[in-house]
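Given next are the chains, with one letter for each unit.
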Amino acid sequence: MKSSESEFVDRMGLVMERLGATRSMGRLWAWLMICDPPDPSLTDLAAELGLSKTAVSTVARQLEAAGIIERVPTATREHRYREVGGGWAQILQVQLGLVKQSLDTLEYGLSLLGEDRVHQRVRLEETRDFFAFTVQDGDEMLHRWQEYRERSS
């Protein structure tokens, strides 16, 4: 890996870490976006990223489960991987799903509070309303993103 590529991979590791994932996830995903030749093996990935094969395998399974990378079919038992387009949209969909689940919890919290607990209700209602807005706006943004991608193709 060239030093400029290594810097990109490391920077993406930090980006993903800031978003709540692991640095290794970001580094693996970044490398799969730019590696040449494409579709590296588990062994290749471990060597390039300076990680154990076990660590790469674990992270690859997590990214695969999230729909961000996929295993490439091979004639051998060797595991090869590639990046799947649409990864950022997929990440946002997962995050919006978690926010949607939070709405139920906030509604439950509101059901516990009597009308006399005005300050507490205001805080919960504001949070619930912000989460509901985020879900609606996020869903609309993903729809606009899809339209944009279709026009750009």
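Details of the structure are given in the entry above.
A. Representation of the packing of aromatic side chains in the model. In this structure the tally under the stated criterion is 3 aromatic pairs. A centroid spacing of 5.7 Å and a plane angle of 25 degrees characterise the contact between W145 and Y148, whose relative ring orientation is stacked. In this pair, W145 and Y148 are both assigned in helix α6 (residues 118-152), 3 residues apart and thus about one turn of the helix distant.

B. Summary view of the pattern of salt bridges. In this structure the tally under the stated criterion is 12 salt bridges. Ionic pairing is found between E115 and R121, a salt bridge with its closest N-O pair at 3.8 Å. You can call R121 buried: its relative accessible area is 14%. A salt bridge links D129 to R128, with the shortest nitrogen-to-oxygen separation between them at 3.0 Å. Using a relative accessible area of 41% as the deciding quantity, one classes D129 as partly exposed.

C. The side chain of R27, seen in detail. Within the secondary structure, R27 is located in helix α2 (residues 23-34). Residue classification places R27 among the buried residues on the basis of a relative accessible area of 13%. There is a polar contact of 2.9 Å between the side chain of R27 and the side chain of D10. The residues contacting R27, other than those within four sequence positions of it, are V9, D10, G13, L49 and L51.

D. Representation of the environment of I69. Along the chain, the position of I69 falls in strand β1 (residues 69-72). Given a relative accessible area of 2%, I69 falls into the buried group. Along the primary structure I69 and E115 are separated by 46 residues, whereas in three dimensions their C-alpha atoms are 49 Å apart. When sequence neighbours within four positions are dropped, the list of residues in contact with I69 reads W29, L32, A60, L63, E64, Y81, R82, E83 and V84.

E. Geometry of the environment of D44. With respect to the element layout, D44 can be found in helix α3 (residues 42-49). For the pair D44 and R80, spaced 36 residues apart in the sequence, the C-alpha separation amounts to 9.0 Å.

F. Up close: the nonpolar core. Core analysis: the biggest nonpolar cluster contains 22 residues, and L28, W29, L45, L63, I69 and Y81 have the highest contact counts within it. By residue number, the principal contributor to this core is α2, which donates 6 residues. Among residues more than four places away in sequence, those in contact with L63 are M25, L28, W29, I68 and I69.

About the criteria used
- Residues numbered from 1 in each chain as written.
- Predicted model: local features only at pLDDT ≥ 70, side-chain atom pairs only at ≥ 80, totals over all residues.
- Heavy atoms only, no water.
- Phe/Tyr/Trp six-rings, centres within 6.5 Å; stacked < 30°, edge-to-face > 60°.
- Helix = DSSP H or I, 4+ residues; strand = E, 2+ residues; numbered from the N terminus.
- Salt bridge = Lys/Arg side-chain N within 4 Å of Asp/Glu carboxyl O.
- Buried < 20%, exposed > 50% of the residue type's maximum accessible area, 1.4 Å probe, protein only.
- Polar contact = N/O pair within 3.5 Å; in protein donor to acceptor, adjacent residues only side chain to side chain.
- Contact = heavy atoms within 4.5 Å.
- Core = buried A, V, L, I, M, F, W, Y, C linked by side-chain atoms within 4.5 Å.

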